[in-house]
Each structure stands twice: as structure tokens, then as C-alpha cells.
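# Fold and contact review
Given next are the chains, with one letter for each unit.
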Amino acid sequence: MTGYRVGIVGATGVVGREALRVLQERTFPASTLKLFASSRSVGKRIGAHVVEEASRAAFHDLELVIFDTPDEVARELVPLAAAAGATVIDNSAAFRMEPDVPLVIPEVNAEALRHAPRRIIANPNCTTATIAVPLAPLHKAAGLRRLIACSYQSVSGAGQRGVDQLWAELQEAGASRRTPDRPRGSAFAEPIALNVIPAVGSMRGAVSSEETKVAAELRKMLCRGPRRVRAAAGCRAGAEATGSRARRGTGGRSRRGARSHHAGGGRTRSLPRRQNPRR
Ligand SMILES: NC(=O)c1ccc[n+]([C@@H]2O[C@H](COP(=O)([O-])OP(=O)(O)OC[C@H]3O[C@@H](n4cnc5c(N)ncnc54)[C@H](OP(=O)(O)O)[C@@H]3O)[C@@H](O)[C@H]2O)c1
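Keep in mind that what you see is a predicted model, and the values were worked out from it rather than measured. (Residues numbered from 1 in each chain as written. Predicted model: local features only at pLDDT ≥ 70, side-chain atom pairs only at ≥ 80, totals over all residues.)

### Structural notes on the site of the ligand
What surrounds the ligand is a group of 28 residues, the closest being Gly-13, Val-15, Ser-41, Ser-92 and Gly-159. Contributions of two or more residues to the shell around the ligand are made by α1 (14-25), α2 (71-83) and α5 (159-176). Sorting elements by how many residues they give to the shell around the ligand places α1 first, with three residues. Along the lines of polarity and charge, the residues of the shell around the ligand split into nine nonpolar, 14 polar and five charged. The residue makeup of the shell around the ligand includes at least three contributed by each of domain 1 (4-123) and domain 2 (146-270). (Near = placed C-beta within 6 Å. Helix = DSSP H or I, 4+ residues; strand = E, 2+ residues; numbered from the N terminus. Nonpolar A, V, L, I, M, F, W, Y, C, P; charged D, E, K, R; others polar. Domains from an automatic or database assignment.)

### Topic: the packing of helix α4 (residues 126-142) against helix α6 (residues 209-221)
Across the interface, α4 lies against α6 with an axial gap of 9 Å and an inter-helix angle of 45°. With respect to each other, α4 and α6 are oriented oblique. Two packed elements cross with a definite hand, and for α4 against α6 that hand is right-handed. Facing Thr-127, Thr-128, Ile-131 and Ala-132 of α4, the residues of α6 in contact are Glu-210, Lys-213, Val-214, Glu-217, Leu-218 and Met-221. Within the contact of α4 with α6, the residues separate by chemical class into five nonpolar, two polar and three charged. (Axes fitted to C-alpha atoms, helices over the stretch in contact; angles between N-to-C directions. Parallel < 35°, antiparallel > 145°, perpendicular 65-115°, else oblique. Left-handed = near helix turned anticlockwise from the far one by under 90°. Contact = placed C-beta atoms within 7 Å.)

### Focus: the sheet that holds strand β8 (residues 120-122)
A sheet is described by the order of its strands in space; here six strands give the open sequence β5-β2-β1-β6-β7-β8, paired in parallel fashion. What marks the edges here is a single partner per strand, and that holds for β5 (52-53) and β8. Summarising the sheet, strand β6 (residues 64-67) and strand β7 (residues 87-90) pair through four bridges and their orientation is parallel. Looking at β7, one finds that Val-65 is bridged to Val-88. (Pairing = 2+ DSSP bridges.)

### Concerning unusual backbone geometry
Positive phi, normally seen in glycine, also occurs at Asp-61, with a value near 80°. Structurally, Asp-61 can be placed in the loop between β5 and β6. Unlike most non-glycine residues, Arg-119 shows phi in positive territory, near 60°. Relative to the assigned elements, Arg-119 resides in the loop between α3 (106-109) and β8.

### A look at the environment of Ser-41
Within the secondary structure, Ser-41 is located in the loop between β2 (30-37) and β3 (45-46). A residue is classified by how many C-beta atoms lie within 10 Å of it, and Ser-41, with 18 of them, is partly exposed. Discounting residues that sit within four places of it in the chain, Ser-41 has contacts with Thr-12 and Val-51. (Buried ≥ 20, exposed ≤ 12 C-beta atoms within 10 Å, placed from the backbone.)

### Quick word on the nonpolar core
Across soluble globular proteins, you tend to see nonpolar side chains buried next to one another. One finds Ile-8, Phe-36, Val-65 and Val-78 to be the most contacted residues of the largest nonpolar core, which totals 41 residues. Going through the elements one at a time, β1 (4-9), α1, β2, β6, α2, β8, α4 and α6 are the ones with two or more residues in this core. Summarising the domain contributions, this core has at least three residues from each of domain 1 (4-123) and domain 2 (146-270). If sequence neighbours within four positions are ignored, Ile-8 has contacts with Gly-16, Ala-19, Leu-20, Leu-35, Phe-36, Ile-66 and Asp-68. Of all hydrophobic cores here, the second largest spans 16 residues; its members include Tyr-152, Leu-166, Ala-193 and Ala-237. (Core = buried A, V, L, I, M, F, W, Y, C linked by C-beta atoms within 7 Å.)

In C-alpha cells form, the structure reads like this:
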């Protein structure tokens, strides 16, 4: 059979399953397709595939490996896959800002793929990706100096744990007809069902890690411009899938002293210091 020998690491997660779906939908020319996850998932079946444990030995004989794992897992395993001879596309934040790792959206800066000396290619944060596609031609034509961006993100951005927490809280809310008074999971420090939390990632002072990433990644991809990016990004909304819209939010509010609002009741809570450590 002709085609690439491909692996997906993190294939049981939200992003890994989506990567598999897209490869299949586009009939990507793969002669081999191997799925990997942690030892917890060994033997699980995803369609016709059986999940294997990701390890150094697992990568030999693969040409292209897509990583959809937490940062710390990518930090450990991505170099092993590259050393085994594969080209790696990493969706985590582990290598995005390293100077010898191109940060690529094909529609924006495909030419950066020419310089990938470590055979590692990073993919930006999904907020950055959404913003960069329309901004790139504007920047090329006119030069962007300053950007103010707001984003509303669904719970799936926090991975399977985020999706599970939303559904557990929605079930409780449906049964009791009250908004949950405490989180039913570990993805968010506050209940997320029927809620919008004005922060994504960890907070450093009044700035969230999501905002810092969007600014830094945009600058890297758009060749150092715009000089000032004020990314007021990161409201986490109680909706499952990316692209879902919150009915009421807190976008545009000052980060300082920000409070989260229940969409229905108008009750306020203090901004939690840490929401989910991901993306
Ligand atoms: N969700 C998004 O919208 C989004 C967007 C852009 C980028 N990202 C990034 O993509 C990555 C994956 O996100 P996700 O939302 O898919 O997370 P997720 O749903 O929590 O899935 C994590 C995946 O990593 C695997 N994993 C965990 N520990 C492992 C280990 N030691 N060895 C091998 N595999 C391991 C898990 O396998 P088990 O099932 O066996 O635990 C699972 O398949 C993260 O870095 C995230 O920041 C996410």
C-alpha cells in the first residue's frame, strides 16, 4: 500500500480524536495509521484501530507523528519521535516558542516549514489560529501595529476533563433546576454549567496565560508584528464544542477585579486564580 506511515499520540483525547476524524474524512494517504495514548488506554478500540502505549520503541518506522497530548508529555515524547526519524506535528504548547521550531498555520506561513531542523513543527493555540488567518493578509498589506482581541471558548478547550465537568454539572442543574454551587470536576475551579468564566489558563496578576500565548504566538507567526497585542482573550463559556456561543458573557470587561457572572441569575463570584492549566 502506498502512503505515509502515520501515528497519532493522544488519540483518545478531544484533539486526537478530531485529528483522526479529519485524516479519515480527507482520505489522507496513510499506508499505516497507529494510535497511541497513555498506558491507561492500551487495548481500547477506536474504529478499526487498537490503541498502543506511546513509547520510544513505538515510533520507529513512522514518518509523520501528530502529538495531541498535554505539554509535559509532549516535552518528553516529541524529541523521541523526531530522533526515531519521524516528522512531528505538535499541538501542545511545549515547543511553540522555541526558535528552531517553526510555528505554522499553512494558510498564514507555510514557508516557515522549510526550516525545521529538529523535524518538529508546532501548531499554535486555537485562539491564535482563528485570529491569525484573517490578520495575516491585513498585516501584509497594511502592517498591524496594535490588536485588541476577545474570545469566548468552549469547555472542550480544556480537553475531555472539561467536557465531562460540563455534562456532570448540567445533569445536576437539570435535576435540581438550580445552578451548581460547586464544581463537579477538576477542569475548572468554578462551576462552568450555565456560566461564563472570564479567564482561560493560569493567571499572572491581571493577565491570563491564554492572553500571553496569543500575543507571543501571533508575533512569532506574523514576523514580529503587531508590536502591541492586547489580547483580552479567554472567557470560558459553558458550551461543549468549539464554535459554540455563550448567550451572555463578560467580554470587554476590565481584567482587574473581573468577576464571573451566572448567565441566568446575575450572581457574581470572584475571579478564580487558576482555571484550567491547558492549551
Ligand atoms: N482542546 C482544544 O481545543 C485544543 C486546541 C489546541 C491545542 N490543544 C492542545 O492539544 C493537546 C491535547 O488536548 P486535548 O484537549 O485533546 O486533551 P485531552 O482530551 O485531555 O487528551 C489528552 C490525550 O493525551 C494522552 N496522554 C496523557 N498522558 C499521556 C502519556 N503519558 N503518554 C501518552 N499519551 C498521554 C491521553 O491519553 P489517555 O486517554 O490514555 O489518558 C489523551 O489521549 C493539549 O496540549 C492541548 O493544550 C487543545
